[in-house]
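# Survey of secondary and tertiary structure
So you can see what is in the structure, the chains are spelled out below.
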Amino acid sequence: MTATDPDTLAQDAAAEARRARRFNRINKADAWFQVLGLAWMTPLLKAAAGDNPQAQMKEVWRLLGVPVIAIVAFLIAWGALAPTVQTSLGAIPGPAQVWEQVINLNEDAARERDKRAAFYERQDERNARYEEAGETDRIKWREYTGAPTYYQQIWTSIKTVFFGFLLATIVAVPLGILGGLSATANAAMNPLIQIFKPVSPLAWLPIVTMVVSATYTVDDGWFSKSFLTSAITVTLCSLWPTLINTALGVASIDKDLVNVSKVLKMGTWTKITKLVLPSALPLIFTGLRLSLGVGWMVLIAAEMLAQNPGLGKFVWDEFQNGSSSSLAKIMVAVFTIGIIGFLLDRMMFAIQSLFTFTNNR
């Protein structure tokens, strides 16, 4: 019989403990990789840690390799088929032409920033001379009125959609809680939801435009009329998913918890904050993610017609412009809208992961 070295056993136990801790950290990180769309990082880390590298590489191929191949195939098909489709503005631009316009838009933005900086520099120098000469009455401060850059239009669209989404959340969550707690309130709201939920933003926009024009008469207010028109249209179209999911989440609370709240004689506010909201948060966040996605889609159409200087107006202006590069610029906007929509959804999913819990976390 061979005697086992106690030192060897201790070393093996320590190595196994280190390995277990390493995999435990990887599994914890996996939850955030899932949120950020980086799930392929988990099998890479596990393979590096020695967990069946062959099986982990198959998982990397499924999570990363297949999507990359699909994107490459799409680009090849796009580049091959685009020149065969002729329009009044020429052939549909391929990936190379679209990328060229990405570079051009970035260069245009850099030139516009330089012009803006030069304008304010000249204004400061001129006003400084007037001040030195004692001609303070001639000092004037003007805002630069150049065309907005592509990045400024992106930022305008993001601000508009978040403002509209915030208004929708403020309206939808309380109404959803009321509808979930009260069958009578739910019966009253349900027909209105079913009627207004399918209404297109193009139908809301004329009404919103007239209401904003009639009620918002301040010329130098915090918001422009086009901004408010676009944001309120987003609100009217995006509040329904949050309202419906909030009502469903509140109505689905475990009846035992409701009975406990009655036994403890919880007040209405305590019941909502301590019982209703924590239990309904997963469905509320599902509604918020859907609402933000709907709001982002609605925004582009609203900006086109309201002439809010965001991505929607950029697309409309390029369509009206009719130059040889217009189609490629519109394609740049299409990809920008899609990528931002994806990032907004990931952001909401990350916030949801911070405030809600699942069986795995």
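Computed from a predicted model, the values in this text were never measured in an experiment.

### Regarding the overall build of the protein
In terms of helices and strands, the protein carries 12 helices and 2 strands. Relative to a compact globule of 361 residues, whose C-alpha radius of gyration would be 21 Å, the protein shows 28 Å and is clearly more extended. Along the first, second and third principal axes, the C-alpha atoms of the protein reach 100 × 60 × 60 Å. Taking all 361 residues of the protein together, 33% fall into the buried category. Taking all contacts inside the protein whose residues are at least 6 apart in sequence as the whole, residues at least 24 apart take part in 68%. A total of about 21900 Å² of accessible surface is found on the protein, and carbon and sulfur atoms cover 64% of it. Positive and negative charge centroids in the protein, built from 32 and 28 side chains respectively, lie 9 Å apart.

### Considerations on the side chain of S291
Mapped onto the elements, S291 comes out in helix α10 (residues 268-306). Within polar-contact distance, the side chain of S291 engages the backbone oxygen of S238 at 2.5 Å. In this structure, S291 is in contact with F165, S238, L239, P241 and T242, ignoring residues within four places of it in sequence.

### A look at the packing of aromatic side chains
Evaluated as defined, the whole model comprises 10 aromatic pairs. Seen from their ring centres, W316 and F319 are 5.8 Å apart, and the 40° between their planes marks the pair as tilted. A residue pair is termed a helical-turn pair when its members lie 3 or 4 positions apart in one helix, as W316 and F319 do in helix α11 (residues 311-321) at 3 residues. Taking the relative accessible area as the measure of exposure, W316 reaches 30% and is therefore partly exposed. Since its relative accessible area comes to 53%, F319 is described here as exposed. Among the aromatic residues, those joined into a ring-pair cluster are F74, W78 and F335.

### Quick notes on the nonpolar core
Among the nonpolar cores identified, the biggest contains 44 residues, and Y150, W296, L311 and I340 are the most heavily contacted of them. Going through the elements one at a time, α4 (95-132), α5 (150-181), α7 (201-215), α8 (225-251), α10, α11 and α12 (326-355) are the ones with two or more residues in this core. Looking at which element gives the most residues to this core, the answer is α10, with 12 residues. For Y150, the contacting residues outside a window of four places in its chain are L105, L311, F314, V332, A333 and T336. Membership of the second largest hydrophobic core comes to 7 residues, among which are A172, L239, W240 and L243.

### Focus on the pattern of salt bridges
Side chains carrying opposite charge are able to pair once their charged atoms draw close together. Applying the stated criterion across every chain, the model contains 6 salt bridges. We note a salt bridge from E59 to R62, for which the minimum N-O separation is 2.4 Å. Linking E59 with R62, this pair stays in helix α3 (residues 53-81), spanning 3 residues, or about one helical turn. With its nearest N and O atoms 2.1 Å apart, the salt bridge here joins D108 to R111. In this pair, D108 and R111 are both assigned in helix α4, 3 residues apart and thus about one turn of the helix distant. When its relative accessible area of 47% is taken as the criterion, R111 is described as partly exposed. Residues participating in the shared-partner salt-bridge network are R289, D345 and R346.

### With respect to unusual backbone geometry
Positive phi, normally seen in glycine, also occurs at Q307, with a value near 60°. On the secondary structure map, Q307 appears in the loop between α10 and α11.

### Comments concerning the confidence of the model for the protein
On average, the protein scores 85 in pLDDT, and the residues at 70 or more come to 94%. Within the protein, no element has a lower average pLDDT than helix α1 (residues 6-36), which sits at 73, and none a higher one than α5, at 93.

### Quick look at a positive patch on the surface
A surface patch of like charges, here positive, comprises R18, R19, R21, R22 and R25. Counting through the fold element by element, R21 comes out in helix α1.

### Concerning the packing of α5 against α8
It is the contact of α5 with α8, at a shortest axis distance of 6 Å, that shows an interaxial angle of 30°. With respect to α8, the element α5 is oriented roughly parallel. Here α5 runs over α8; the crossing is right-handed. Its residues assigned to classes, the contact of α5 with α8 comprises 20 nonpolar, 10 polar and 1 charged.

### Quick notes on α3
With 29 residues, α3 extends 40 Å between its outermost C-alpha atoms, agreeing within 8% with the 42 Å of an ideal straight helix rising 1.5 Å per residue. Buried within α3 are the following residues: Q56, V60, G65 and W78. Each element contacted by the buried residues of α3 is listed here: α2 (41-48), α4 and α12.

### Considerations on α10
With 39 residues, α10 extends only 42 Å from end C-alpha to end C-alpha; this falls clearly short of the ideal 57 Å at 1.5 Å per step. Residue L281 marks the point of greatest curvature in α10, where the axis turns by about 60°; the proline P282 follows within four residues. Among the residues trailing α10, Q307 stands out with phi positive, at a value near 60°.

Definitions and cut-offs
- Residues numbered from 1 in each chain as written.
- Predicted model: local features only at pLDDT ≥ 70, side-chain atom pairs only at ≥ 80, totals over all residues.
- Heavy atoms only, no water.
- Helix = DSSP H or I, 4+ residues; strand = E, 2+ residues; numbered from the N terminus.
- Rg over C-alpha atoms; globule rule 2.2 N^0.38 Å.
- Buried < 20%, exposed > 50% of the residue type's maximum accessible area, 1.4 Å probe, protein only.
- Contact = heavy atoms within 4.5 Å.
- Areas by Shrake-Rupley, 256 points an atom, 1.4 Å probe, with all protein chains shown as cover.
- Lys, Arg positive; Asp, Glu negative; His and termini not counted.
- Charge placed at Lys NZ, Arg CZ, Asp CG, Glu CD.
- Polar contact = N/O pair within 3.5 Å; in protein donor to acceptor, adjacent residues only side chain to side chain.
- Phe/Tyr/Trp six-rings, centres within 6.5 Å; stacked < 30°, edge-to-face > 60°.
- Core = buried A, V, L, I, M, F, W, Y, C linked by side-chain atoms within 4.5 Å.
- Salt bridge = Lys/Arg side-chain N within 4 Å of Asp/Glu carboxyl O.
- pLDDT = per-residue confidence, 0-100.
- Patch = residues over 30% accessible without salt bridge, like charges linked within 9 Å, V, L, I, M, F, W, Y side chains within 5 Å.
- Axes fitted to C-alpha atoms, helices over the stretch in contact; angles between N-to-C directions.
- Parallel < 35°, antiparallel > 145°, perpendicular 65-115°, else oblique.
- Left-handed = near helix turned anticlockwise from the far one by under 90°.
- Nonpolar A, V, L, I, M, F, W, Y, C, P; charged D, E, K, R; others polar.
- Expected span 1.5 Å × (residues − 1).
- Bend = angle between axes of the 7 residues up to and from the residue.

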